[in-house]
Amino acid sequence: MTAHPKDAIAEVRRLRRPRPRRHWLTRSFRVQVMLLVGVLLAAMLLAQGAYLNHRKAEIISDQMGQRALAVARSVAGVPELVEAFAEADPSATIQPIAERIRRDTGARYVVVGNADGIRYSHPLPERIGLPMVGGDNDRALIGGESYVSEAEGSLGEAMRGKTPVVDAEGTIIGIVSVGFMLDRVALDVGRHTSLGWWLVAAMITLGFAGAYGLSHHLKRVILGLEPHEIARLAMEKEAILQSIHEGILAVNREGEITLVNQQARRFMDLPEAREALGRPIQELVPNSRLLEVLENGEQQFDQQMWLGDHPVVVNRVPVRHAGEIEGAVATFRSRREIVELSDALTAASRDVDMLRAQAHEFSNKLYTISGLLQLDRIQEALALIHQESERAQAQMSFLMGHVADPVISGTLLGKLTRARELGVALEIDDQSSLSLPLTSTGQEVLMTVLGNLIDNACDAARQGAGHDDSKRDDRPRVRLFFTDLGEQLLIEVEDNGPGVPPAELARIFEEGYSTKPGRHRGIGLALVARLSAEHGGAITLEESELGGACFTVVLDRSLCRHPAVV
């Protein structure tokens, strides 16, 4: 079963080398998020609260000043008060009026003075008749203005509204000063703004609580990992993706490429990953079939396709999150490498079979010679030895005289032995010749071509129906001809097997197709056809003079070494 992501991440944490211990503030992602969000929110709320409360305090202070000025104007407009200025003792009339208004309005004081600033009223009666304090009466007594000022009077620092007292002729005869003490104003301002600060404090508390919840949610979303652990995992994942031998291609739900590793770029001939990222998959790999996986959500395994000019085997799986398909991933590996590995294993198996056959053949002959010697039939034993020696010598002489490349000579000698063990008469045409050694590539190509064609011909010859083993001409036969005398290499292999049915001619060179039963078939002829096309030639099929199939392969002569470098 597939491990849960959290279990896999816990295992990665356990196996990872210990890191240097960090400070608690930088070690905990949850604390970092909570402090970041909380402090930012608190700073914003404090700044906004300070500004709003400051504006509110200004408005309240301005209102208190305007209130003081309004009271002063009301006092200055009282007819009895204006008429009292002409009396012998103005304070006797003005003091009661001023004190009544002071009590009614809640002002700290209501002071009325004459044109010289001498008090006619005061909350403290003993100060009546004394000059007014503050030095801010000139604007009212001289300029006739009504205004608000802040000054320190006899009772302390106060916000005062001042206005002139004017008689019926419009002459300034006095001044009215109404004051509210600044400490009282501050108390009023504090009382009105305290609610705002309590609201700010409550919002900051809620903000930190929300920041804690957000940090807890983010921590759960990232599976409990810290930022440095996520970065480490991302780097490890990238290194793994780029180092594995399989190509990996991922798309999102819109079908756009989100991941392409180095092997995939090699298959698609892309020098840089950024050339593919974000592009629709249909532009780069029209036959990827990843859009089908996005639509139906079905997994596809071991599917064959071509990626550029590379045959590959593909696995396609959807990426799901919370039951929804978020994307798809395709992994693919080169089928050529699989085929080459299969060919190498097949070749090794053939070599083992050939050695086993040779050992069996020579073991039988040694037993025969031993029996003849025990029977004291020395001449017959010598004749058998000479017969085998001459046949082997004849084969060796022919190959040494007609095939200049020792690797191909060894290949053909092994095929002769293997055919003899299988009961197939493998004949090499006397006109065959390879006059020049081959390049390393030429050796690999010819070994593959000769090996596959001869093995297929031997199998076909052995499968031929109606053969009568009592007649030499009816036994399984394979004929081989090769030459490099022209402008190209020519190889011809024919057999006396049943041949290829006409209905199958169009498919005989397709990879995976075979007329023989069993798995892992249909590789040899497809491989020969591909090698022929890659090296400037082709493979053709026609009816053999022996009654079976005749395969002719033409290859470019560049596979041979130039005489100057032999």
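All values reported here derive from a predicted model rather than from experimental measurement.

Notes on the overall build of the chain
- Of the regular secondary structure elements, the chain holds 16 helices and 14 strands.
- Pairs at least 24 apart in sequence give 58% of the contacts found in the chain among residues at least 6 apart.
- In the form shown here, the chain has an accessible surface area of approximately 31,900 Å², with 56% of it arising from carbon and sulfur atoms.

Quick look at the pattern of salt bridges
- Taken as a whole and assessed by the stated rule, the structure comprises 12 salt bridges.
- In this structure, Arg-333 and Glu-246 form a salt bridge, with 3.9 Å as the shortest nitrogen-oxygen distance. Pair noted here: Arg-333 is in strand β9 (residues 324-334) and Glu-246 is in the loop between α8 (227-243) and β5 (247-252), with a separation of 87 residues, a long-range link.
- Arg-479 is the salt-bridge partner of Glu-545, the closest N and O atoms lying 3.8 Å from each other. In this pair, Glu-545 is assigned in the loop between β13 (538-543) and β14 (549-556) and Arg-479 in strand β11 (residues 477-483), connecting sequence segments 66 residues apart.
- Given a relative accessible area of 72%, Glu-545 falls into the exposed group.
- Of the residues examined, Arg-479 reaches a relative accessible area of 21% and is grouped as partly exposed.
- Linked through salt bridges whose partners overlap, the residues forming this network are Glu-427, Arg-477, Arg-479, Glu-494 and Glu-545.

Remarks on the sheet that holds β13
- The 5 strands are arranged β10-β11-β12-β14-β13 in an open sheet whose pairing can be described as mixed. Of all strands in the sheet, those bounded by a partner on one side alone are β10 (425-428) and β13. Going across the sheet, the axis of each strand differs from the next one's by a mean of 15°, ignoring polarity.
- Taken together, the 4 bridges between β10 and β11 define a ladder with parallel strand orientation. Its bridge partner being in β11, Leu-426 is matched across the sheet by Val-478.
- Relative to the sheet, helix α14 (residues 406-422) contacts β10 and β11, its axis offset from that of β10 by approximately 150°.
- The strands touched by helix α16 (residues 524-534) within the sheet are β13 and β14, with β14 carrying the most contacts at an inclination of about 30°.

Digging into the confidence of the model for the chain
- Taken residue by residue, the chain gives an average pLDDT of 77. The fraction at 70 or more is 78%.
- Note that pLDDT drops below 50 for residues 15-20; the model gives that stretch 7 contacts with residues more than four away or on any other chain.
- Considering only residues more than four positions removed or in separate chains, one finds that residues 465-472, a stretch of pLDDT under 50, has 4 contacts.

Concerning α14
- For α14, which comprises 17 residues, the first-to-last C-alpha distance of 24 Å matches the rise-based estimate of 24 Å (1.5 Å per residue) to within 8%.
- When α14 is considered as a whole, its buried residues turn out to be Ile-408, Ser-409, Thr-411, Leu-412, Gly-414, Lys-415, Leu-416, Thr-417 and Ala-419.
- Backbone geometry just after α14 places Gly-423 at a positive phi near 80°.

Remarks on the pairing of β13
- The pairing of β13 with β14 spans 6 bridges and is classified as antiparallel. Within the sheet, the bridge partner assigned to Ala-538 lies in β14 and is Val-554.
- In this antiparallel pair of consecutive strands, β13 and β14, the connection spans 5 residues, and Gly-547 shows a positive phi of 110°.

Topic: a nonpolar patch on the surface
- On the surface, Leu-36, Val-37, Leu-40, Leu-214 and Leu-218 cluster together to form a nonpolar patch covering roughly 390 Å² of accessible area.
- Mapped by element, the contributors of at least two residues to the nonpolar patch are α3 (29-76) and α7 (182-221).
- According to the relative accessible area criterion, Leu-218 is partly exposed, its value standing at 30%.

Considerations on the packing of aromatic side chains
- Taken as a whole, this structure holds 1 aromatic pair when the rule is applied.
- Over the ring of Tyr-147 we find Arg-139; its NZ or CZ atom is 4.1 Å from the centre of that ring.

Focus: the nonpolar core
- Leu-412, Leu-446, Leu-480 and Ile-491 are the most contacted members of the largest nonpolar core, which has 38 residues in total.
- Looking at this core, the elements that each hand over two or more residues are α13 (378-402), α14, β10, α15 (440-463), β11, β12 (488-495), α16 and β14.
- With 9 residues, the top contributor of residues to this core is α15.
- If near-sequence neighbours (up to four positions away) are discounted, Leu-446 is found in contact with Ile-408, Leu-434, Leu-438, Gly-451, Leu-489, Ile-491, Leu-555 and Leu-559.
- Membership of the second largest hydrophobic core comes to 27 residues, among which are Ala-72, Phe-85, Ala-98 and Val-178.

Points about the pairing of strand β6 (residues 257-260)
- In terms of strand pairing, β5 meets β6 through 3 bridges, oriented antiparallel. Bridging from a neighbouring strand, Ala-250 pairs with Leu-259 of β6.
- Connecting the antiparallel pair β5 and β6 is a turn made up of 4 residues, with Gly-255 showing a positive phi of about 80°.

Let's talk about the environment of Leu-555
- As for its placement among the helices and strands, Leu-555 is situated in strand β14.
- Judged by relative accessible area, which is 0%, Leu-555 ranks as buried.
- Through-space distance from the C-alpha of Leu-555 to that of Ser-532 is 6.0 Å; in sequence the pair is 23 residues apart.

Conventions adopted
Residues numbered from 1 in each chain as written. Predicted model: local features only at pLDDT ≥ 70, side-chain atom pairs only at ≥ 80, totals over all residues. Heavy atoms only, no water. Helix = DSSP H or I, 4+ residues; strand = E, 2+ residues; numbered from the N terminus. Contact = heavy atoms within 4.5 Å. Areas by Shrake-Rupley, 256 points an atom, 1.4 Å probe, with all protein chains shown as cover. Salt bridge = Lys/Arg side-chain N within 4 Å of Asp/Glu carboxyl O. Buried < 20%, exposed > 50% of the residue type's maximum accessible area, 1.4 Å probe, protein only. Pairing = 2+ DSSP bridges. Axes fitted to C-alpha atoms, helices over the stretch in contact; angles between N-to-C directions. pLDDT = per-residue confidence, 0-100. Expected span 1.5 Å × (residues − 1). Patch = residues over 30% accessible without salt bridge, like charges linked within 9 Å, V, L, I, M, F, W, Y side chains within 5 Å. Phe/Tyr/Trp six-rings, centres within 6.5 Å; stacked < 30°, edge-to-face > 60°. Lys NZ or Arg CZ within 6 Å of the ring centre and 35° of its normal. Core = buried A, V, L, I, M, F, W, Y, C linked by side-chain atoms within 4.5 Å.

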